[in-house]
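Spelled out from the first residue to the last, the chains are:
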2 protein chains.
Amino acid sequence: MAEPNNREVYRASTYAPVNIAVIKYWGKRNTTLNLPTNSSLSVTLSQDDLRTHTTASCSSSFTDDTLSLNGSPQDISGARTQACLRELRQLRKDVEAQEPQAPKLADMKLQIVSENNFPTAAGLASSAAGFAALVRAVADLYHLPASPTDLSRIARQGSGSACRSLMGGYVAWEKGKQDDGSDSLAYEVAPANHWPEMKALVLVASAEKKDVSSTAGMQQTVASSTLFEHRAKEVVPKRMKAMEKAIHDRDFAAFATLTMKDSNNFHACNLDTDPPIFYMNDVSRAAVRMCEAINFSYDRLICAYTFDAGPNAVIYYLDDHENEVAGTFKELVGGVKGWEGKRGAAVKDGAKLPEGTEVVAEILKKGISRVILTGVGDGPRRTEDQLC
Amino acid sequence: MAEPNNREVYRASTYAPVNIAVIKYWGKRNTTLNLPTNSSLSVTLSQDDLRTHTTASCSSSFTDDTLSLNGSPQDISGARTQACLRELRQLRKDVEAQEPQAPKLADMKLQIVSENNFPTAAGLASSAAGFAALVRAVADLYHLPASPTDLSRIARQGSGSACRSLMGGYVAWEKGKQDDGSDSLAYEVAPANHWPEMKALVLVASAEKKDVSSTAGMQQTVASSTLFEHRAKEVVPKRMKAMEKAIHDRDFAAFATLTMKDSNNFHACNLDTDPPIFYMNDVSRAAVRMCEAINFSYDRLICAYTFDAGPNAVIYYLDDHENEVAGTFKELVGGVKGWEGKRGAAVKDGAKLPEGTEVVAEILKKGISRVILTGVGDGPRRTEDQLC
């Protein structure tokens, strides 16, 4: 093998997906290692709709580690990013020790370039996709033999929920018991093709910056909520088991009940925080009431709302009920961005609004600024589309 | 003593106050007897500002028990009202048995006429004042020797929180342990003159009918919230003791902390109910943020918000800080009803809004329709002003 030319640039690129939890992560038992107080479970959403695209490159000609997002230079010196890079370089060193002829990439500076195809912040889980893409791209660049679960341990240190974006389908993050976090890992509960009919409609209620960042908010909850410990110790463990079963059984009614209850339980703990944290607003609450009315009018659970640390609603439903669920929201807010394109066109017009929803319908019409139609999807995809 | 003339009408009239809890009542262990799952504690508000005026009359010429409120006939056949009347008549029979010459009022039909000096419904505790006035007026009509605590056992069966409106000042309702409710009684923690500086500003956010009635809502919470039991068993008992101490010590900072935390804890349990119950709206949340900003800007706790089963904020503060607290809200919503009159005129104009509150200030300006300025007050007052 020829000695690498001094100017040679090594590259690897990946797409990584967003995930939206149905059993929520909130609270850390170790803030440095991002070790959570409870396990969580999410649905990985399709990268055709929401994704981070990241190219990691290294060269002995680079003089500094750099990171850019959507064209803007980012601070790469933060402890979170540094922890990920340190761990990845260590694994590369292990590879280089085993294969003496391998190029010495671990010693080279990294240039990392990322682009999101969706608006950053406002509760769209951009940090999860971002850190998953960073870790996956560098792991590919370094030809690491690590599995997605191995890499989840690293991505978790960048952003807790990022560990769940390294896999597709239905993904759990086991909180683990070890102090060093070695058993706080993500695993696949079921691949996307186990239950591919799962769709998600995101109602973007606001692109404003959020009230309290989730990093700060969750530790305020741990410190001050009198209810949170009960959630973490008693409520979530039972729900994790029940949710895994619902997914294995493809039982949408059980999935929906657990998803809605856990979202409300999580926001209840936020409200019980001192000072209280409010992520849901009047538009969020109108979305809750509309989902309840849809389920009531069809006399079964055909849709399930969930809210992350922001006012946007994510509404899960099965493909069979697209016209009943997405169609109802298209009737209401068909004029906003997001309905254009194949997915939006496939949703039939003319859905009848459930009875008694005139007031919440008005709130939704005024308060929703865009929608995103998506569904369960696969894990990170390698691409040859290099950003640098 | 002359035989009473067949047409003689016996009358007694009373004013009874509203109370606003600082440790909230929510959830019943016995819905027939209105036995609560946890103790609660409230401040009785001044009858100069908020009161029910009730005249109870009886005569052997009356053919039916009747009840009217604000000029409209009310259904008196409900189990709650009937339970109160049955208990009161029983106590009158005991009096008549002891005093054979006393007129046989227990056998006569009752006419009860009530008027509120404030808008009914929308979380202004009208049922508490209403049942307290009914019980107090009939007890006076019947010359019962019962103490306010004895009567609280009866009023509780009409509306749980009514038991706390039979006394002035700072009043606790001990949940009790007996199945028959004989020890589920209200008692005075401290009279109004122990801490007469306590003021309250009510921000009326909406006079719309509420989402879910509190009677229905609390039992949904008991049945479905995973957090509620922890509130009832663990959180409230500690707070009751701490709140009694705060009141005895006239420690406003402790009073404020407990009041705000308990309001948030109560609404958290509502949010954790299946389906979730939302009483607070965006206007309520803006009131929370404005109170936090006022406290922050004075670097101490000078005001405390609390929300009952509706969006209205009740803000407690001490007289010394009237210009800082009520003055801030007067700057914002000085144009709405409620600032006219002596109390409103006493609040100085020109308070400076805390920094960074522009957004919540706009929400409050749009969302508050009236205010009520009041403060701690005494218990029911007998009056010779007869309504019938």
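Note that this is a predicted model, so its numbers are computed, not measured. (Residues numbered from 1 in each chain as written. Chains lettered and ligands numbered in written order. Predicted model: local features only at pLDDT ≥ 70, side-chain atom pairs only at ≥ 80, totals over all residues. Heavy atoms only, no water.)

### Here we look at the overall build of chain A
If you tally the helices and strands in chain A, you get 10 helices and 16 strands. For chain A, the C-alpha radius of gyration of 21 Å lies close to 21 Å, the compact-globule estimate for 388 residues. Considered along the principal axes of its C-alpha atoms, chain A spans approximately 75 × 45 × 40 Å. Counting only residues that meet the buried cut, chain A has 60% of its 388 residues in that class. Pairs at least 24 apart in sequence give 76% of the contacts found in chain A among residues at least 6 apart. Per element, the accessible surface of chain A, about 15600 Å² overall, is 49% carbon and sulfur. Averaging the coordinates of the 44 positive side-chain charges in chain A and doing the same for the 48 negative ones gives two points 1 Å apart. (Helix = DSSP H or I, 4+ residues; strand = E, 2+ residues; numbered from the N terminus. Rg over C-alpha atoms; globule rule 2.2 N^0.38 Å. Buried < 20%, exposed > 50% of the residue type's maximum accessible area, 1.4 Å probe, protein only. Contact = heavy atoms within 4.5 Å. Areas by Shrake-Rupley, 256 points an atom, 1.4 Å probe, with all protein chains shown as cover. Lys, Arg positive; Asp, Glu negative; His and termini not counted. Charge placed at Lys NZ, Arg CZ, Asp CG, Glu CD.)

### Description of the domain arrangement of chain A
All names here are of chain A. Annotation of chain A at the domain level lists domain 1 (10–191) and domain 2 (198–375). For domain 1 versus domain 2, the separation of C-alpha centres amounts to 26 Å. Opposite the 31 residues of domain 1 that make contact, domain 2 presents 45 residues. Carbon and sulfur atoms supply 69% of the area buried between domain 1 and domain 2, which totals about 3100 Å² over both sides. Connecting domain 1 to domain 2 are 2 salt bridges. Between Arg343 and Asp49 there is a salt bridge, and its shortest N-O distance comes to 3.0 Å. The interface formed by domain 1 and domain 2 contains 13 residue pairs in polar contact (both at pLDDT 80 or more). Looking at side-chain class alone, the side of domain 1 that touches domain 2 contains 18 nonpolar, 9 polar and 4 charged residues. (Domains from an automatic or database assignment. Buried area = accessible area lost by both parts, 1.4 Å probe. Salt bridge = Lys/Arg side-chain N within 4 Å of Asp/Glu carboxyl O. Polar contact = N/O pair within 3.5 Å; in protein donor to acceptor, adjacent residues only side chain to side chain. Nonpolar A, V, L, I, M, F, W, Y, C, P; charged D, E, K, R; others polar.)

### Overview of the packing of helix H5 (residues 228–248) of chain B against helix H6 (residues 252–271) of chain B
All names here are of chain B. Packing of H5 against H6 leaves a shortest axis separation of 10 Å and a crossing angle of 160 degrees. When the interaxial angle is binned, H5 and H6 end up roughly antiparallel. Crossing geometry of H5 relative to H6 is assigned as left-handed. Here H5 contributes Phe228, Arg231, Val235, Val236, Arg239, Ala242, Met243, Ala246 and Ile247 to the contact with H6, which in turn contributes Ala254, Phe255, Leu258, Thr259, Lys261, Asp262, Asn265, Phe266 and Cys269. (Axes fitted to C-alpha atoms, helices over the stretch in contact; angles between N-to-C directions. Parallel < 35°, antiparallel > 145°, perpendicular 65-115°, else oblique. Left-handed = near helix turned anticlockwise from the far one by under 90°.)

### Notes on the side chain of Thr273 of chain A
Residue placement: Thr273 of chain A occurs in the loop between helix H6 (252–271) and helix H7 (282–297). With near-sequence residues (within four places) excluded, Thr273 of chain A lies in contact with Gln220, Thr221, Ser224 and Ser225 of chain A.

### Comments concerning helix H8 (residues 322–333) of chain A
The end-to-end C-alpha separation of H8 of chain A is 15 Å, in line with the 16 Å expected for 12 residues at 1.5 Å each. Counting buried residues along H8 of chain A, 9 of its 12 residues qualify, which places the element largely inside the surrounding structure. (Expected span 1.5 Å × (residues − 1).)

### Regarding the packing of aromatic side chains
Using the criterion set out here, one finds 16 aromatic pairs over all chains in the structure. Ring geometry for Tyr305 of chain B against Phe307 of chain B: centres 6.0 Å apart, planes inclined by 50 degrees, an arrangement best described as tilted. Judged by its relative accessible area of 0%, Phe307 of chain B is buried. The rings of Tyr170, Trp195, Phe252, Phe255 and Tyr316 of chain A are connected pair by pair, giving a single aromatic cluster. Stacked on the ring of Tyr15 of chain A, the Lys or Arg Arg51 of chain A has its end atom at 4.3 Å from the ring centre. In this structure, Arg285 of chain A is placed above the aromatic ring of Phe278 of chain B, and the distance from its NZ or CZ to the ring centre is 5.4 Å. (Phe/Tyr/Trp six-rings, centres within 6.5 Å; stacked < 30°, edge-to-face > 60°. Lys NZ or Arg CZ within 6 Å of the ring centre and 35° of its normal.)

### Some points on the relation of the copies chain A and chain B
Two copies of the chain are present, and they differ by a rotation about an axis and a shift along that axis. Mapping chain A onto chain B calls for a rotation angle of 180 degrees and an axial translation of 0.0 Å; the resulting RMSD is 0.0 Å. With respect to symmetry, the two chain copies, as superposed, fit the operation of a two-fold axis. Every residue of chain A has its C-alpha some distance from the rotation axis, and the shortest such distance is that of Ala268 of chain A, at 2.1 Å. Comparing interface residues between copies, 100% of those in chain A also sit at the interface in chain B, which points to an isologous, same-surface contact. (Least-squares fit on C-alpha atoms with pLDDT ≥ 70 in both.)

### Remarks on the sheet that holds strand S5 (residues 40–44) of chain B
Residues and elements named next belong to chain B. The antiparallel open sheet is built from 4 strands, whose spatial order is S2-S5-S10-S11. The outermost strands of the open sheet, each flanked by one partner alone, are strand S2 (19–23) and strand S11 (186–190). On average, each strand axis in the sheet is inclined to that of its neighbour by 35 degrees, with strand direction left out of account. Bridge analysis of strand S10 (residues 170–173) against S11 gives 4 bridges, and the strand direction is antiparallel. Among the inter-strand pairings, Val171 is bridged to a residue of S11, identified as Glu188. (Pairing = 2+ DSSP bridges.)

### So, the packing of helix H1 (residues 79–98) of chain A against helix H2 (residues 126–141) of chain A
Residues and elements named next belong to chain A. Viewed as axis vectors pointing N to C, H1 and H2 meet at an angle of 25 degrees, and their least axial separation amounts to 10 Å. With respect to each other, H1 and H2 are oriented roughly parallel. Crossing angle aside, the handedness with which H1 passes H2 is right-handed. From H1, Arg80, Thr81, Cys84, Leu85 and Leu88 reach across to H2, where they touch Phe131, Leu134, Val135, Val138 and Ala139.

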